[in-house]
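The primary structure of each chain is shown beneath.
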Amino acid sequence: MLQQTKVDQVVGFYKRFLDHFPNVFDLASASEQEVLKCWQGLGYYSRARNIHRTAKIVSNDLGGVFPGSYDALLDLPGIGDYTASAIASIAFGRCNAVVDGNVYRVLSRFFGIEVPIDTGAGRKYFKELAEELIDESDPANYNQAIMEFGAVQCLPRNPNCTSCPLVSACCAHKHGDVLKLPVKEKKVAVRNRYFLYLVVKTEDGFFIRQRSSNDVWAKMFDFPLVELDSRPIKKEIFNIVSGQLNWPMAIANVVKMNKHILSHQHIYAWFAEVVCSTGFDTSDWINVRDIAQLEQYPFPRLVEKYLECTCFLGNGQVVGG
Ligand code: SF4
């Protein structure tokens, strides 16, 4: 859960997850939908799918015993160098150094290292340096201390250099390079996406669908969707919606959501609330009778936010079209 996410955002989800799945066998025997539902709101859903796959391996192939060595951990789904090092050192006391964003920042600034951190050579350089520095007598505390130091002292934009215990030996501070480090070679390209959701209500309820496994929010649920090349104007929305639905229909409302930011994508979304008098015969749409039935499906946060702000689907029961 802590990959790409801060501790204070995780604590509530962690407790809820453990209440739901108290041990690895419970997690392994749950359905993927149940696991995703419990993860709903935390983002980066591939982590939920990976932890579920890992639980099945630990439960079915390893007799319920979690591996403790760095190499064995790397074989589990979703566990890379950082997570393997963190688990091996913190849970099993092994001497494996973690290198996360905090560690890159602290080391690059303290030693004045300009090697880009987003290259294979850079990753190798910092990993070797971290392995040299680790306190062999207490790798767990060393790893947690350096990550915490980056998170609370050597901050990305406002590092507390004046109160820093390392200031007299810090290279970046001495040369005025603090905000130039760490160096990254490539800028991450952000992709803008424009989602027009069709929230279609009929006398029989409304419709959701499961997302494909090769896009964001893989295997989660949302509403039928038209992806556009650019931001639509209001008039276009009616034409697009009526072009998609070959049934008599009326648009009751269009809800425009705030920009939804993912790590490499900005999603602009509109929810067209459409009333149709007839039913549908679509293979990949799931007919939901009432809003209470939605509880069992995992939704991305964007859809959850829409559901929190709309009255269209009724409160407890869908109002007939
Ligand atoms: S002096 Fe500033 S840049 Fe150097 S380690 Fe301390 S907080 Fe980070």
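Computed from a prediction, not measured in an experiment: that's the story for all the values here. In this convention, every chain numbers its residues from 1, walking through the sequence in written order. Confidence filtering applies because this is a predicted model: local features only for residues at pLDDT of at least 70, side-chain atom pairs given and counted only at 80 or more, and all residues used for totals across whole chains, interfaces and linings.

1. Let's talk about the overall build of the protein chain
Keep this limit in mind: Only runs of H or I of at least four residues qualify as helices and only runs of E of at least two qualify as strands under DSSP, and these elements are numbered from the N terminus. Residues with at least 20 neighbouring C-beta atoms inside 10 Å of their own are called buried, those with 12 or fewer are called exposed, and the rest are partly exposed, where every C-beta is derived from the backbone. Any residue pair is listed as a contact if its two C-beta atoms, each placed from the backbone, are within 7 Å.
Each helix and strand in the protein chain was counted, giving 12 helices and eight strands. Dimensions of the protein chain, computed from C-alpha atoms along their principal axes, come out at roughly 70 × 50 × 30 Å. The 321 residues of the protein chain split such that 27% are buried. Sequence-distant contacts, at least 24 apart, represent 69% of the contacts inside the protein chain between residues at least 6 apart.

2. Notes on the site of the ligand
For clarity, the cut-off: We count a residue as near a molecule or strand when its backbone-placed C-beta atom lies within 6 Å of that partner.
Taken together, 14 residues are adjacent to the ligand, and C154, P159, C161, C164 and C170 come closest. Those elements that provide at least two residues to the shell around the ligand are α7 (101-111) and α10 (171-175).

3. Digging into the packing of α7 against helix α9 (residues 139-152)
Put simply, the rule reads: The axes are straight lines fitted to the C-alpha atoms, using for helices just the contacting stretch, and the angles between their N-to-C directions are given from 0 to 180°. Small angles under 35 degrees read as roughly parallel and large ones over 145 as roughly antiparallel, with 65 to 115 read as roughly perpendicular and the rest as oblique.
Look at α7 against α9: their axes get within 8 Å of each other, and the N-to-C directions meet at 80 degrees. Classified by the angle between their axes, α7 and α9 sit roughly perpendicular to one another. Mapping the contact onto sequence places N102, V103, R105 and V106 in α7 and I146, M147, F149, G150 and A151 in α9.

4. Re the environment of V190
For V190, the position within the fold is in the loop between α10 and β1 (191-202). Considering only alpha carbons, one finds V190 and V241, 51 residues apart in sequence, at a separation of 27 Å. Apart from residues lying up to four places away in sequence, V190 is in contact with H264, Q265 and H266.

5. Section: the domain arrangement of the protein chain
For clarity, the threshold we go by: Those domain boundaries reflect an automatic or database domain assignment.
Domain annotation of the protein chain identifies domain 1 (1-66), domain 2 (67-187) and domain 3 (191-309). Once you take the C-alpha centre of each, domain 2 and domain 3 turn out to be 42 Å apart.

6. So, the environment of F238
With respect to the element layout, F238 can be found in helix α11 (residues 234-244). Distance in space between the C-alpha atoms of F238 and A250 is 9.0 Å, their sequence separation being 12 residues.

7. Here we look at the confidence of the model for the protein chain
Condition: As a per-residue quantity, pLDDT reports the predictor's confidence and falls between 0 and 100.
Per-residue confidence for the protein chain gives a mean pLDDT of 92, with 97% of residues at or over 70. Every residue in residues 316-321 is under pLDDT 50, and counting partners more than four places away or in other chains gives 20 contacts.

8. Things to note about the environment of A88
Mapped onto the elements, A88 comes out in helix α6 (residues 81-92). Between the alpha carbons of A88 and E273 there is a distance of 50 Å; along the sequence they are 185 residues apart. Those residues in contact with A88, other than ones at most four positions away along the chain, are G68, S69, Y70, L73, R94 and N96.

9. Quick notes on the nonpolar core
Applicable threshold: Among buried residues, those of type Ala, Val, Leu, Ile, Met, Phe, Trp, Tyr and Cys that are joined through C-beta atoms within 7 Å form a set called a nonpolar core.
Grouped together as the largest cluster of nonpolar side chains are 36 residues, with contacts concentrated most on Y197, L198, V199, V200, F271, A272 and V274. Those elements that place two or more of their residues in this core are α3 (32-39), α4 (46-60), β1, β2 (205-210), β7 (265-276) and α12 (301-309). Among the elements that take part in this core, β7 stands out by supplying six residues, more than any other. Here this core spans two domains, since at least three of its residues come from each of domain 1 (1-66) and domain 3 (191-309).

10. Looking at the packing of α6 against α9
Keep this limit in mind: In this scheme the handedness of a crossing depends on how the near helix is turned from the far one: anticlockwise by less than a right angle means left-handed, clockwise means right-handed. Classes in brief: Ala, Val, Leu, Ile, Met, Phe, Trp, Tyr, Cys and Pro nonpolar; Asp, Glu, Lys and Arg charged; the others, Gly included, polar.
Contact geometry for α6 and α9: axes closest at 7 Å, N-to-C directions at 130 degrees. Considering the angle they form, α6 stands oblique to α9. Where α6 crosses over α9, the two elements pack in a sense that is left-handed. Packed against α6, whose contacting residues are A86, S89 and I90, the element α9 presents P139, A140, N143 and Q144 at the interface. Taken together, the residues that form the contact of α6 with α9 break down as four nonpolar, three polar and no charged.

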